Amino acid sequence: MKPAPFDYVAARSLDEALAALADAGEGGKVLAGGQSLVPLLALRLARPDVLVDVNQIAGLDRLVVDDHRLVIGALVRHRAVELDERVRRAFPLVSAAAAQIGHVAIRNRGTVGGSVAHADPAAEWPTLLLALDGEVEVASPRGRRVIGAGDLYAGYLTTTLEADEVVCEVRGTLPEGRIGTSFLELARREGDFAIVGVAAVLAREGDVVRHCRLALSGVGSTPVRARGAEELLAGGPADDAAIAAAARTVADEMDPPGDIHGSADYRRKVAEVLVRRALCAARDEIGTVVAQ
Amino acid sequence: MTEQGNGNARAARGVPIESVRPHQFVGQRLRRKEDARLVSGKGRYLADLVVPGMRHAAVLRSPVPHGRIAEFDASEALALPGVDAVFTGRDLIGKVGPFVEGGRLEISPMLMEKVHPEVKPHAMPVLAADDVHFVGQPVAVVVAASRYLAEDALDLVRVDYEELPVVTDPEAALAPGAPVLHGHLGDNVAAHFVIASGDVDAELGSAPHVYRGRFEVGRQASNAMEPRGVLATSDRGTGDLTVWCTNARPHLVRTFLSEMLRMPLDRIRVISPDMGGSFGTGVFSEDFLIPFVARQLGRPVRWVEDRSENLLVTRHGRDQVHLVEVGYDDDGRILALKDRFLVDAGAYNQYAITVSYNAAAHARNQFDIPAVRLEGLNVLTNKAPVAPVRGAGRPEVTFMMDRIVDIVAHETGIDPVDCRRRNLVRPEQMPYHADIPYRDGVDIVYDRADFPAQLAQLCDLVDYGAFRKEQAEARRRGRRLGIGFSSYMEGSGFGPHEGAVVRVDTNGHVTVYTGANAHGQGLATTLAQVCADQLGVTPEDVTVRMGDTSYIPYGVGTFASRSAVTAGTATGVAAGLVREKALAIAAEVLEVSSSDLELEEGTVKVRGTPSRQISLGEVARAAAPGPRSRLPAGMDPVLEAEHYYVPPTVTWSSGTHAAVVEVDEETGFVRVLRYLTVDDCGQMLNPTIVEGQVHGGVALGLGEALTEEVIYDAAGQPLTGTYMDYLLPTTTETPPITVAHQVFPSEVNPFGIKGCGEGGAVGPPAAVANAIVDALRPLDVRISRVPIHPERLLELIEEAKAEAAQDGRPSARS
């Protein structure tokens, strides 16, 4: 389990990193926390020619929390998000999700930007990004651009990022008004990739659901938004029956993979269960008594 | 804890010492001598060892499960700068022989005579020369200046395989027309035996009810925290070989090396450095390959297994299918057990019938079953070889038997604890003659024990009545809690022997040398406790040295819950012999009768005249050869003694476990909330160490019950190559474990010791399965396989619900 040979560039600035990546062409790879890349190197499943280490670059680690807007620098570690009180108050689903990434040692090392760019469909950050209607800001020698969450993921471990682009910042929002959120995962051990994960956001006016976002991990080659269920709930009540009815539709919206941890059929079944539970938890977080 | 007498006053039966001294340090919760060093990072593990000029090896392994090597081309690899050599199986022919690991060693002549097992020996080549039989089988070794370079070179070695048909399922492997792994064996049956007690067919014929079922236990990897490794160096001048290896049986490795490399034993020294676990897994190709390569190249060579290799080949265990018929009556009494079972041995059955016979010998468990018939088959498949991993057959049969007891309870409408109690061997039946021989060939007689009291103690510990109330309350709130029990027997302290040399230096410090070795068991502490008591010193005065063939001529090693019993007894006896010798020498020095002397805390004193005393160091100086020697006439110099303990048979430890679980009915997920054990391992040498063994064993057993499985696809490719897919439980999955004890000292050895290394791992599969079934009542969920995958459990729940709906009643059964 020793990596194949590679060159290593410890970039001191973003420009240096971008130049090194541009030089490397398709053979370059960005090294941030190394959470996923280092095991892939050790197993020789990834064989980049050049590793561009971005850890020393200043300015990529800010964490800004407004009431409804979250801005996370690409180099912010999962653990920093998990422990941030502002995040816990304004974005409790983000705190909950961060706490379920691997184990503490992994969370101390792994970065938000790295996880978003690695695009594992069973991971927490890509799913959160969808639930937060988020976007990423990326840099390249051509300048900066912003990619919406819906346009970022192209397939299993694949994004629409160019080989010479580096993720600089991840941003997300929650709707204003009375909202409730939740993040639930089903994994066979604490810290494992989810068999299915659900991020839910509910906004209500009176007893009526004004807005709903549901994002799922583990049920496709990318994280997915359950648009059908969202639409079914919007404009109606958030009682148990409505939630159960919405949850029943999610299985039809997805084409989950099957592996030794759960077949496609099993993932569909538990996705329904988890969506129902996540929506109920989000609703209950709003703190309103709901008529049965 | 119940104290049922102790071995203090017992005569030193069958051992050459005049008396056994009372336990003083034995039984104390002494802190482990080794911990300060090990937990502060000062241990010396194999990968810490560096020898000047050392080169690094990497092993090329077969990517195909069954094939013939057609082409082999290492030229590109050899051209890589820094690469020293590439050896293939063909390079080894005639130079280093194949090995038949356990076949000749593990079957006792007495067992051969009584059971007549059919065992078909077949050797495993150190490197495959022609055919490969499982993914991961070593086919070549590269030696280079670094491990990185060696792995780069592995990428460049070209091997073309002609692929052959594959069989991965033991039942399919027995079917006519199945691919035969080793042609000369005729079929895929590597071993077969039958043992019986009573007339099973008659009992089944007359039993009021007969249950027929099938139980399966999945394949589990051994997963020592430290992967294996070997470092070998051959002296340039003498050719003497020194081998460091992470192996619990250094003397056995030396014996094999001597035969395979055709070298005298005394020119080979095998050393086991600090080791991070072993779990019983035996000897391996690399143990011979690396010394061979080092000799060929004339340079030290080190190979360190990585975790991928470890998960692939470092001895899996379990993987059994049991097909049973059970006769029982309306009172829940089990009358007969007929079990035909298959051990999926993988591609080479290297341990003869060790695992399968161990399974059979433990099948009857703590239950008084009038008639049993057990038929075991070791079947070859294109998977990695299976070995006796911690538990070694016991978890499999215990899962089967304890599920059966629960099923009988359900069928007869009797409370599961009550049904269990009705079947237990009763105290008045002790010593209980099981009427079948153990693995050593000696007829099984259960050591002193009280199984109903053990169950009662556990029920008190778990507060069974209170739990049933809690369960009912939880059910009203929609939570599914359940409790399950398991009991087991643990034949422990297997022979054929273990030895100890106890020596006192001229400062009075004591060193114990033994052929057992430690890889987590705390033997440096427990053997010091035994030695201190029998010699008359304190444990601080004693250093225990092990894991080196230069220390003692013969050694067996640490596995099979044997070292506390065998090395413990050998140490105690040798220490007693040293004490007797010290008293005799002191009598000469002090000019009194040795019967007037006592030896305590390292000082020999004349009874009643405390001013007349000499230290043990002075005695040792009087025992040194030379003009100042004060040895009695005819006595050999040096204050030391050597004793090899040859156990007459095994000791029988036992235990009962309870698991409390919560089941998520909608997802099939199971959480173990509490785990409780009551065990009897006789006179405990150090209760803290015993409890550590139980904790570790339970964690392993919970993995077996719920998450851990080595999975192969139908084409023979392993699917669980990393810890993302092989789900080893961590502290977050391990519940609080409550450990309590019964103490029935063994009558087999003079110190009352029984083994405790494996019991913790034996109970959890059955206890957890029974708890899940209990949680889901009144649904009749039929768990017959571990590990219990959530998806499978959800299917079982849905099946049971459908069946209940169809029958219009909640609990139904055909």
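The rules behind these values
- Residues numbered from 1 in each chain as written.
- Chains lettered and ligands numbered in written order.
- Predicted model: local features only at pLDDT ≥ 70, side-chain atom pairs only at ≥ 80, totals over all residues.
- Heavy atoms only, no water.
- Helix = DSSP H or I, 4+ residues; strand = E, 2+ residues; numbered from the N terminus.
- Rg over C-alpha atoms; globule rule 2.2 N^0.38 Å.
- Buried < 20%, exposed > 50% of the residue type's maximum accessible area, 1.4 Å probe, protein only.
- Contact = heavy atoms within 4.5 Å.
- Areas by Shrake-Rupley, 256 points an atom, 1.4 Å probe, with all protein chains shown as cover.
- Lys, Arg positive; Asp, Glu negative; His and termini not counted.
- Charge placed at Lys NZ, Arg CZ, Asp CG, Glu CD.
- Domains from an automatic or database assignment.
- Buried area = accessible area lost by both parts, 1.4 Å probe.
- Axes fitted to C-alpha atoms, helices over the stretch in contact; angles between N-to-C directions.
- Left-handed = near helix turned anticlockwise from the far one by under 90°.
- Nonpolar A, V, L, I, M, F, W, Y, C, P; charged D, E, K, R; others polar.
- Salt bridge = Lys/Arg side-chain N within 4 Å of Asp/Glu carboxyl O.
- Polar contact = N/O pair within 3.5 Å; in protein donor to acceptor, adjacent residues only side chain to side chain.
- Phe/Tyr/Trp six-rings, centres within 6.5 Å; stacked < 30°, edge-to-face > 60°.
- Lys NZ or Arg CZ within 6 Å of the ring centre and 35° of its normal.
- Pairing = 2+ DSSP bridges.
- Right-handed = clockwise from strand over helix to strand, strands pointing away.
- Core = buried A, V, L, I, M, F, W, Y, C linked by side-chain atoms within 4.5 Å.

Colleague: So what's going on with the overall build of chain B? Residues and values would help.
Modeller: Along its length, chain B carries 22 helices and 31 strands. Taking 814 residues into account, the globule formula puts the C-alpha radius of gyration at 28 Å, and chain B, at 28 Å, falls close to it. In terms of overall dimensions, chain B has a C-alpha envelope of 95 × 75 × 50 Å along the principal axes. The buried share of chain B, taken over its 814 residues, is 64%. When contacts within chain B are restricted to residue pairs at least 6 apart in sequence, long-range pairs at least 24 apart make up 81% of them. By element, 51% of the accessible surface of chain B is carried by carbon and sulfur atoms, the whole surface being about 28300 Å². Counting 79 positive and 106 negative side-chain charges, chain B places the centres of these two groups 4 Å from one another.

Colleague: Talk me through the domain arrangement of chain B; I want residue IDs and the actual numbers.
Modeller: Residues and elements named next belong to chain B. By the assigned domains, chain B splits into domain 1 (2-30 + 495-645) and domain 2 (316-494 + 649-807). Domain 1 and domain 2 are separated by 39 Å when their C-alpha centres are compared. Tallying the contact residues gives 38 residues for domain 1 and 35 residues for domain 2. Buried area between domain 1 and domain 2, summed over both chains or domains, comes out near 2700 Å², and the portion from carbon and sulfur atoms is 55%.

Colleague: Outline the packing of helix α12 (residues 394-412) of chain B against helix α13 (residues 416-423) of chain B, supporting the account with residue identities and numerical values.
Modeller: Residue and element names in this part refer to chain B. Running from N to C, α12 and α13 point in directions that differ by 115°, and their axes come no closer than 9 Å. As for the relative orientation of α12 and α13, their crossing is right-handed in sense. Contacts between α12 and α13 involve Asp402, Val405, Asp406, Val408 and Ala409 from the former and Pro416, Cys419 and Arg420 from the latter. Residues that form the contact of α12 with α13 fall into these classes: five nonpolar, no polar and three charged.

Colleague: How would you summarise the interface of chain B and chain A if you had to cite specific residues and measurements?
Modeller: On the chain A side, the residues contacting the 32 residues of chain B number 26 residues. Taken together, both faces of the contact between chain B and chain A bury some 2600 Å²; the carbon and sulfur share is 54%. Taken together, the links from chain B to chain A amount to eight salt bridges. The residue A:Arg44 makes a salt bridge to B:Asp155 at a minimum N-O spacing of 3.0 Å. In this assembly, chain B and chain A are joined by 20 residue pairs in polar contact (both at pLDDT 80 or more). Every element with two or more residues in the side of chain B that touches chain A is listed here: α5 (147-156), α10 (307-313), α19 (687-707) and α22 (790-807) of chain B. Of all the elements, α5(B) adds the most residues to the side of chain B that touches chain A, at five residues. Residues of the side of chain B that touches chain A, tallied by class, amount to 13 nonpolar, seven polar and 12 charged.

Colleague: Tell me about the packing of aromatic side chains, and name the residues and values.
Modeller: Residues and elements named next belong to chain B. Tallied over the full model, the rule gives 14 aromatic pairs over all chains. Ring plane angle 50° and centroid distance 5.3 Å describe the contact between Tyr446 and Trp652, whose orientation is recorded as tilted. In this pair, Tyr446 sits in strand β19 (residues 443-446) while Trp652 sits in strand β28 (residues 651-664), placing the two residues 206 residues apart along the sequence. Overall, Tyr446 belongs to the buried group, its relative accessible area being 2%. Through pairs of rings, three or more aromatic residues link up here, namely Tyr432, Tyr438, Tyr446, Phe451, Phe494 and Trp652. For the cation-ring pair, Arg439 lies above Phe494, with the distance from its terminal atom to the ring centre recorded as 4.0 Å.

Colleague: Pulling in residues and values, what's your account of the pairing of strand β13 (residues 268-271) of chain B?
Modeller: Side chains on a regular strand alternate between the two faces of the sheet. Residue and element names in this part refer to chain B. One ladder, built from four bridges, connects strand β12 (residues 241-245) with β13; its direction is parallel. What sits directly across from Val243, in β13, is Val270. Remark: the β12/helix α8 (residues 250-260)/β13 crossover connection has right-handed handedness.

Colleague: Can you lay out the nonpolar core for me, pointing to particular residues and giving the numbers?
Modeller: Among the nonpolar cores identified, the biggest contains 106 residues, and B:Leu337, B:Ile404, B:Phe485, B:Ile772, B:Val781, B:Ile783 and B:Leu793 are the most heavily contacted of them. Among all residues touching B:Leu793, those that are not within four sequence positions of it are B:Val663, B:Gly668, B:Val670, B:Ile772, B:Leu776, B:Val781, B:Ile783 and B:Ile788.

Colleague: I'd like a description of the pairing of strand β22 (residues 510-514) of chain B, backed by residues and values.
Modeller: Residues and elements named next belong to chain B. Counting buried residues along β22, five of its five residues qualify, which places the element largely inside the surrounding structure. Where burial is concerned, the two faces of β22 agree: the one with Val510, Val512 and Thr514 and the one with Thr511 and Tyr513 are both buried. Both strand β21 (residues 498-504) and β22 contribute to a ladder of five bridges, which runs antiparallel. Bridging from a neighbouring strand, Val504 pairs with Val510 of β22. Here β21 folds back onto β22, and the loop between the two strands holds five residues, one of which, Gly508, carries a positive phi near 90°. Relative to strand β23 (residues 542-546), β22 runs parallel, the two being bridged by five bridges. Of the residues in β23, the one forming a bridge with Tyr513 is Arg545. Each parallel crossover has a hand, and for β22 linked through helix α16 (residues 523-535) to β23 it is right-handed.

Colleague: Please provide a residue-by-residue account of the environment of B:Val20, values included.
Modeller: All names here are of chain B. With respect to the helices and strands, Val20 occurs in the loop between β1 (2-3) and α1 (35-39). Taking the relative accessible area as the measure of exposure, Val20 reaches 7% and is therefore buried. Through-space distance from the C-alpha of Val20 to that of Gly298 is 51 Å; in sequence the pair is 278 residues apart.

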